[in-house]
Amino acid sequence: MRIDYLLKGNWPSFSFEFLAPRSPSEVERLFAAARDLRDLDPAFVCVTCRAGRQAETLSMVRKIKADTGIETMAHLVCDSLEDHDLERLIDQMRGDGISNVLALRGDRDENTHGSGDLSHATDLIARIAGSGEFCIGAACYPEGHVESRSRAADLRYTRLKIETGASFLITQLFFDNEHYFRFVSEARAEGIEVPIVPGIMPITNAKQIARVRAMGASVPETLERDVLMRADDPDAVAQFGVAWASLQCMSLLAAGAPGIHFYTFNRSPATRAILGALRSAEPWKWAKDAIA
Ligand code: FAD
């Protein structure tokens, strides 16, 4: 089923993101997490994508859907992709019965320098939308994308993603909900009307602080202090991270966010704990209306 329909019909909707595995043991870990999370009844699950490895993500998505019966979405990155490669991938999506795709440029490293026929997510969205067959989502950045001149410029490109064919947005992770609320209100003022699903990552180890900063997410001083204070005790860091993320989700859903997209890193315990608490507390009942 198309995710834009799921987002309209199920409020709130919970979704889980898995990292594309790099080895047979990582494949096993992904499937173990997916099976363990299945009974939480997610609206959909998705698998990330690496430049040059797009076909592997599509195959993984097909296998997860066949194995778990959960609705799926494939991430598709366009960095280093030529037009004829994309045609092949679109054929593969048709053949594999994949109807949802998160269209991205992709993270850049020493192997991806922006070569290929498609420079930006907007190019990819326009090409996929041209086929008229797929539900397309896109990424957005409440604190602005790391390469952006300004948040305003980034917002204009976000609007272009919708104008070229994306029908929902998933945010980069953030740790202070004010970034999300401000972004949603700026997006609405910019004419962006589609659902904006907040992406949430519970901190589960102290090293993640530096990594998330490099991705452009700011880390509140109090969060950093409390994580570093527990750095010698991994269980305590994970428990604190789950507590922080649970409070974030409570306030987002109470304010009418359309759901939560969990960055699971292919592990189930933190997501299970947070979603269990949310389903008990039902903060969406306090919301007057969906804001996003
Ligand atoms: P773009 O939209 O192309 O944006 C990149 C930069 O260019 C931004 O600064 C933007 O403001 C600017 N820009 C956008 N459009 C234009 C335009 N038309 N003309 C000029 N400038 C423009 N990375 C992966 O490698 N694999 C994944 O599976 C993956 N999944 C993700 C899932 C989510 C929910 C999110 C939020 C991010 C994900 N990423 C993933 C990271 C993402 O690929 C990087 O943040 C990447 O740097 C930008 O991707 P994008 O699709 O937003 O690119």
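As a starting point, this report considers the structure included with it. Per-chain numbering applies: the sequence of each chain, read as written, is numbered from 1 onward. Per-residue local features are limited, in this predicted model, to residues with pLDDT of at least 70; the limit for side-chain atom pairs, both in listing and counting, is 80 or more; totals at the level of whole chains, interfaces and linings are taken over all residues. Excluding hydrogens and water, the side-chain figures rest on all heavy atoms present in the structure.

### Describing the overall build of the protein
Part 1: A tally of regular secondary structure across the protein gives eleven helices and nine strands.
Part 2: Its C-alpha atoms give the protein a radius of gyration of 18 Å, within 12% of the compact-globule value 19 Å for 292 residues.
Part 3: Counting only C-alpha atoms, the protein reaches 50 × 45 × 40 Å along its principal axes.
Part 4: Contacts in the protein between residues far apart in sequence, at least 24 positions, make up 80% of those at least 6 positions apart.
Part 5: Of the roughly 13,200 Å² that the protein leaves accessible, carbon and sulfur atoms contribute 50%.
Part 6: Residues scored as positive are Lys and Arg, those scored as negative are Asp and Glu, and His as well as the terminal groups of each chain are ignored. Here the site of a charge means atom NZ of a Lys, CZ of an Arg, CG of an Asp or CD of a Glu. Taken as two groups, the 33 positive and 40 negative side-chain charges of the protein have centres that lie 2 Å from each other. We count a stretch as a helix when DSSP gives it H or I for four or more residues in a row; a strand needs E for two or more, and each element gets its number in order from the N terminus. We compute the radius of gyration over the C-alpha atoms and compare it with the globule rule, which gives 2.2 Å times the number of residues raised to the power 0.38. The criterion used for residue contact is that any of the two residues' heavy atoms lie within 4.5 Å. Exposure was quantified through the Shrake-Rupley algorithm and a 1.4 Å probe, taking into account, for residues, occlusion by the shown protein chains and nothing else.

### Points about the packing of aromatic side chains
Part 1: Two rings from Phe, Tyr or Trp (for Trp, the six-membered ring) form a pair when their centres sit within 6.5 Å of each other. Planes less than 30 degrees apart are called stacked, planes more than 60 degrees apart edge-to-face, and all others tilted. Per the counting criterion, the structure on display carries six aromatic pairs.
Part 2: Here Phe-174 and Tyr-180 contribute two aromatic rings whose centre-to-centre distance is 5.7 Å and whose plane-to-plane angle is 10°, an arrangement assigned as stacked. Here the two residues Phe-174 and Tyr-180 agree in accessibility, since each one is buried.
Part 3: Here the aromatic residues Phe-14, Phe-16, Phe-262 and Trp-284 are joined through ring pairs into a cluster of three or more.
Part 4: Definition used: whenever NZ (Lys) or CZ (Arg) falls within 6 Å of the ring centre and also within 35 degrees of the ring normal, the charge is taken to sit over that ring. Residue placement shows Arg-2 over the ring face of Tyr-5; its charged tip is 5.2 Å from the ring centre. Relative accessibility under 20% of the residue-type maximum defines a buried residue, over 50% an exposed one, and the middle range a partly exposed one, all with a 1.4 Å probe and only protein chains included.

### Examining the pattern of salt bridges
Part 1: Any Lys or Arg side-chain nitrogen located within 4 Å of an Asp or Glu carboxyl oxygen qualifies as a salt bridge. In the structure shown here, the tally under the stated rule is 20 salt bridges.
Part 2: Glu-56 is the partner of Arg-53 in a salt bridge, and the nearest nitrogen-oxygen pair spans 2.8 Å.
Part 3: Glu-147 is the salt-bridge partner of Arg-105, the closest N and O atoms lying 2.8 Å from each other. Taken together, the residues Arg-105 in the loop between strand S4 (100-104) and helix H5 (121-131) and Glu-147 in the loop between strand S5 (135-140) and helix H6 (151-164) connect sequence positions 42 residues apart.
Part 4: Through salt bridges that share partners, Asp-36, Asp-39 and Arg-272 make up one connected network.

### Some remarks on empty space enclosed by the protein
Part 1: Residues are said to line a cavity or pocket when one of their atoms sits within 4 Å of a point; the points come from a 1 Å grid over protein atoms alone, cavities being sets where a 1.4 Å probe fits but cannot get out and pockets being open sets with protein on both sides within 12 Å along at least five of seven lines. Grid points are joined across faces, edges and corners, and a volume is the space filled by probe spheres set on the points. This structure, assessed with the given rule, holds one cavity of 30 Å³ or more.
Part 2: As a volume, the largest cavity reaches approximately 50 Å³.
Part 3: Taken together, Tyr-141, Pro-142, Glu-143, Gly-144, Gln-172, Leu-173, Met-215, Gly-216 and Ala-217 make up the lining of the largest cavity.
Part 4: A per-class count over the lining of the largest cavity returns five nonpolar, three polar and one charged. Here the term charged refers only to Asp, Glu, Lys and Arg, the term nonpolar to Ala, Val, Leu, Ile, Met, Phe, Trp, Tyr, Cys and Pro, and the term polar to all other amino acids, Gly among them.

### Thoughts on helix H3 (residues 54-68)
Part 1: Relative to the 21 Å expected for 15 residues at 1.5 Å per residue, H3 spans 21 Å between its end C-alpha atoms, a close match to the ideal helical length.
Part 2: Of all the residues in H3, the buried ones are Gln-54, Thr-57, Leu-58, Met-60, Val-61, Ile-64 and Thr-68. Projection of H3 onto a plane perpendicular to its axis shows the buried side chains occupying an angular sector of 160°, all on one side.
Part 3: Packing partners of the buried residues in H3 comprise strand S1 (13-18), helix H2 (24-38), strand S2 (44-47), strand S3 (72-77) and helix H4 (83-96). Multiplying 1.5 Å by the helix residue count minus one yields the expected span of that helix. Throughout, the arc means that of the directions going from the helix axis to the C-beta atoms.

### Remarks on the environment of Leu-275
Part 1: Secondary-structure assignment places Leu-275 in helix H11 (residues 269-281).
Part 2: Given the relative accessible area of 0%, Leu-275 is considered buried.
Part 3: Between the alpha carbons of Leu-275 and Ser-246 there is a distance of 8.0 Å; along the sequence they are 29 residues apart.
Part 4: Among all residues touching Leu-275, those that are not within four sequence positions of it are Phe-14, Phe-16, Leu-40 and Phe-262.

### Examining the site of the ligand
Part 1: Put simply, a residue is near a molecule or strand once any heavy atom of it comes within 4 Å of that molecule or strand. Among the 24 residues in the neighbourhood of the ligand, the closest are listed as Cys-49, His-120, Tyr-141, His-145 and Asp-154.
Part 2: With respect to the ligand, the backbone of Arg-105 contributes an N or O atom lying 2.9 Å from an oxygen atom.
Part 3: Between the ligand and Gly-106 there is a distance of 3.1 Å, counted from an oxygen atom to a backbone nitrogen or oxygen.
Part 4: When the ligand sits alone it has 970 Å² of accessible area, and the protein chains cover 88% of it.
Part 5: Contributions of two or more residues to the shell around the ligand are made by S3, S4, H5, H6 and strand S6 (168-171).
Part 6: Ranked by the residues each element gives to the shell around the ligand, the list is headed by H6, at three residues.
Part 7: Split by residue class, the shell around the ligand holds ten nonpolar, nine polar and five charged. In the analysis that follows, any N or O atom pair within 3.5 Å is treated as a polar contact, provided that within protein one partner can donate a hydrogen and the other can accept it, and provided that, for residues neighboring in sequence, both atoms belong to side chains.

Note that every value here comes from positions in space, so none of it alone points to a role or purpose.
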